[in-house]
Amino acid sequence: MSSLRFLPLITAVLTAPLFAAAQNGEQLYTQFCSACHAVDGKGANNGMFPPLAGSSWLQDMPKRAVAIVLFGLHGPIEVNGKSYNLEMPPQGAALTDDQIVSILNYVNSSWGNKGETVPRDLIRVTRSEFAARTEPWTAPELLKLFPLPIQKTVLSDLTSRVYKGQWNQIPDFDKIQAENIEEEHHGKISPSISGMDVHFGIVWEGNFMAPENAEYEFALDSDDGARITLNDQVVCEVKGTGPMNGSRAIQNKITLKEGKNTFRMDYFQGTGLKGLELKWKKSGDKAWNWLSDKPTPVKKESPSIPLSPTDESTAIYRNFIEGTTARGIGFGFPGDLNLVYSADNLAPELVWTGEFMDAGRHWTNRGQGNQPPSGVNVIKLTKDRFLPAEARFKGYSLDSKGNPTFHVSIGKQVLSDSWKPGKEGTLLRTLTLTGGPELNIPLGNATVAGAESATLAPGKPVTLTYLLK
Ligand code: HEC
C-alpha cells in the first residue's frame, strides 16, 4: 500500500520537465511563427501562407528547416502541391539556438508531423556554415543543398526518348532515331529540356500503376500536339499545332485493371511556346492527380496584408519603403508609432503614426516598386548620410519585445542607436558611443526638446524623446 501512495508523486516529477519543454516550444511557435503559419500549422489567412503541417520541407533533413528559420525564404516555392511566391523574413537574429530547437521540435511533433529531432549543435553549425549569407534563401538554392525526398507519381519505370525534327502533327516516332534516352525517376512528364525550345519531340513510356480495378479519367492539353495511349489504346489526343489554353484540351475515360497498365505519351513541339498538362483521377473522385507540372496560376492583384505590432511585440518590415533608401528597415511599435531606419544613410529617416505597413505587394510579388507607409503624419528626419565616410552598418539586434538597436562602426568607435516606444505618442531613442572622440549627430526636427543635434561623449548614453502625435 505504501508504494502506491508515492506513485502520483513520481509521475509528476518525471513528466514535469518534459511538459515544460513542450509548452515552451508551443509558446515560442505561437510568438514567432503562428502569425504567418497559423496556430494549427495550416498557414495563416486561410492558407494564403504556406502550411507547416505535413510539409515535405520539414522531412528528412532537419538542417533544411534550421536554414529556413535562420535566414528566411523568398520567391516561388511549392509546398504540398500548392504554389506560393511570398517572403519569410529571417528569424536567426531574434531567436537563440535553444529557442529554435524548441520551436522545430514542437513543429516536428505537432499536427501529425513526424520530423527528426533537431540536435542543439545543428543550429550553431548552420549559423557558422552560412555566416556570410545576407539574403533569404530561394527554393532552388535550398533544393540544391537539401534535396527533398523524391515524390513519385503512379508512373513507374518511366523513360523518355527525345527526337529532333519539324512536324505539324505527331509523327511515327518509332521510325525515327532518338537523340537521347533518359530515366524519369520522379514519374513526371515535362517538355522542358534546356536548350530545346522548338522543333523537337518526346516519347515517354512506362507503367501506369492503377490503385484498383476501376474507370479512370484523363485530361490532356498541350502546345503543340500530344497523345496518351494506355494498354495500346489511344485515350486522349490533342491534334496538330496550337496553343495550350484549354481550347484544345481533351478529356476521356478508360477502364484499367489494378497494377501495371502500359503507358505511352507522344509529344511534339513546332514553334512558339511549349507546354504539356496531364492529370488523372478515378471516376467519381473530385481531386485530380498531376503527371505533368501543374499550370502556374496567373498572377493576381496583390492582396492586402496589413502588418501591425501586437501588445507584446514590435513588427518589422524589410522591403522597399517609399520615401527612404533601398535598405530601409521598418519598425511598427505598439501604440501606432512607426520608424524607418536607413542602413544606407546610417540614420533614422521616417517616423509616422497610425497604421504600419501593408505587406501585400512585397510578400506576394517581388521587386514591384516602393510601398508607402500605411499611416499618417509622415515626418522625414534625415535625408543625407552625415556620419564620417568610414562609418559602416553592422546590423541590428532586437530586444525581447522586438525593439531594435542599430549598430554602426566608425573606425574603432561603435555607435548604438536604440529605439522603443515611450509614453503618450513618443518614441525613445538612446544613443551610445563606445571609444574615440566626441561625435555630433543631427537629430531631425521631431525631438520634444527641439534640439537639432546632440554631441555624444564616449561611454555616456544620451536618451532623446521624439514626439510623433
Ligand atoms: C512574417 C511571416 C512569417 C513568419 C513570422 C515565419 N514564416 Fe515561415 N514562411 C513564411 C512564408 C511567406 C514562407 C514561404 C516563402 C516563399 O514563398 O518563398 C515561409 C516558409 C517556411 C518554410 C518552408 C515552407 C513550408 O511551408 O514548409 C518553413 C519550414 C517555415 N517557413 C518555418 C517557419 C518557422 C519555424 C517560423 C518561426 C520560427 C516561421 N517560419 C516564421 C512566412 C513566415
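As the structure is a computational prediction, the values presented were derived from the model and not from experiment.

A tally of regular secondary structure across the chain gives 8 helices and 26 strands. Expressed along its principal axes, the backbone C-alpha trace of the chain runs to roughly 85 × 80 × 40 Å. Buried residues in the chain amount to 44% of all 469 residues. Pairs at least 24 residues apart make up 60% of the contacts formed inside the chain by residues separated by at least 6 positions. Surface exposure of the chain reaches about 24400 Å², of which carbon and sulfur atoms provide 53%. Across the chain, the 47 positively charged side chains and the 50 negatively charged ones have centroids separated by 3 Å.

Another aspect to go through is the pattern of salt bridges. In the structure shown here, the tally under the stated rule is 18 salt bridges. Across the pair Asp197 and Lys274 runs a salt bridge, and its minimum N-O distance is 3.3 Å. Of the two residues, Asp197 sits in the loop between strand S4 (180-183) and strand S5 (200-210) while Lys274 sits in the loop between strand S10 (259-269) and strand S11 (275-282), which places them 77 residues apart along the sequence. Look at Lys274 and you get partly exposed, because its relative accessible area is 27%. Linked through salt bridges whose partners overlap, the residues forming this network are Arg161, Asp174, Glu205, Arg227, Glu237, Arg264 and Asp266.

What follows deals with unusual backbone geometry. Here the residue pair Asp223 and Asp224 is connected by a cis peptide bond, since its omega of 10° sits within 30 degrees of zero. We note that Asp157 has phi near 50°; this positive angle belongs to a residue other than glycine. Note that Asp157 resides in strand S3 (residues 155-164). By relative accessible area, Asp157 is classed as exposed at 58%.

Donor atoms from the polypeptide that coordinate the iron atom of the ligand comprise His37 (NE2) and Met88 (SD), at 2.0 to 2.2 Å from the metal. Around the iron atom of the ligand, the 6 donor atoms are arranged such that angles at the metal cover 87 to 178°; this shape is classified as octahedral. Note that His37 is positioned in helix H2 (residues 34-37) and Met88 in strand S2 (residues 82-88), a separation of 51 residues in sequence.

Residues in close proximity to the ligand total 27 residues, the closest being Cys33, Cys36, His37, Pro51 and Met88. The separation between an oxygen atom of the ligand and a polar main-chain atom of Pro51 is 2.6 Å. Between Ser55 and the ligand, the recorded distance is 2.6 Å, taken from a side-chain N or O atom to an oxygen atom. Elements supplying a minimum of two residues to the shell around the ligand: H2, helix H4 (62-71), strand S1 (73-79) and S2. Along the lines of polarity and charge, the residues of the shell around the ligand split into 20 nonpolar, 6 polar and 1 charged.

This paragraph deals with the domain arrangement of the chain. Taken as a whole, the chain is organised into domain 1 (2-145), domain 2 (155-290) and domain 3 (306-467). A straight line from the C-alpha centre of domain 1 to that of domain 2 covers 39 Å.

We now examine the sheet that holds S3. Strand pairing in a sheet relies on backbone hydrogen bonds. The paired strands run either parallel or antiparallel. Here 6 strands make up an open sheet; going across it, the order is S4-S3-S5-S10-S7-S8 and the pairing antiparallel. Lying at the two open borders of the sheet, with one neighbouring strand each, are S4 and strand S8 (233-238). Neighbouring strand axes in the sheet, compared pairwise and without regard to direction, differ in orientation by 15° on average. By the bridge criterion, 5 bridges tie strand S7 (residues 226-230) to S8 in an arrangement that is antiparallel. By the bridge assignment, Thr229 is partnered in S8 with Val234.

Thresholds applied
- All residue numbers refer to position in the chain's written sequence, counted from 1.
- Side-chain atom pairs in this predicted model are given and counted only at pLDDT of 80 or more, local residue features only at pLDDT of at least 70, and totals for whole chains, interfaces and linings cover all residues.
- Here the side-chain values reflect all heavy atoms present in the structure, with hydrogen atoms and water set aside.
- Strands are runs of DSSP state E lasting at least 2 residues, helices are runs of H or I lasting at least 4, and numbering of each runs from the N terminus.
- Think of it in three bands: with a 1.4 Å probe and only protein chains considered, a residue is buried below 20% of the maximum accessible area for its type, exposed above 50%, and partly exposed in between.
- A contact between two residues is defined here by any heavy atoms of the two lying within 4.5 Å.
- To measure how exposed things are, a 1.4 Å probe is used in the Shrake-Rupley method; for residues, cover is taken only from the protein chains shown.
- Two residue types count as positive, namely Lys and Arg, and two as negative, namely Asp and Glu; His and chain ends fall outside the count.
- Where a charge lies is defined by one atom per residue type: Lys uses NZ, Arg uses CZ, Asp uses CG and Glu uses CD.
- Counted as salt bridges are all cases of a side-chain nitrogen of Lys or Arg within 4 Å of a carboxyl oxygen of Asp or Glu.
- Here the coordinating atoms are restricted to nitrogen, oxygen and sulfur within 2.8 Å of the metal centre, or 3.2 Å for Na, K and Ca, and because water is not among them the sites may look incomplete.
- Irregular is the label for any site that misses the other tests, which are tetrahedral for four donors with all angles between 85 and 135 degrees, and square planar for four donors or octahedral for six when opposite donors exceed 155 degrees and the remaining angles lie between 65 and 115.
- For this description, a residue counts as near a given molecule or strand if any of its non-hydrogen atoms is within 4 Å of it.
- Any N or O atom pair separated by 3.5 Å or less is treated as a polar contact, with the protein-specific requirement of one donor-capable and one acceptor-capable atom, and with residues adjacent in sequence counted only for side-chain atom pairs.
- Under the scheme applied here, ten amino acids are nonpolar (Ala, Val, Leu, Ile, Met, Phe, Trp, Tyr, Cys and Pro), four are charged (Asp, Glu, Lys and Arg), and all others, including Gly, are polar.
- An automatic or database domain assignment provides the domain bounds reported here.
- In this description, strands pair whenever DSSP reports at least two bridges between them.
- Lines fitted to the C-alpha atoms define the axes, with helices restricted to the stretch that makes contact. Angles between their N-to-C directions range from 0 to 180 degrees.

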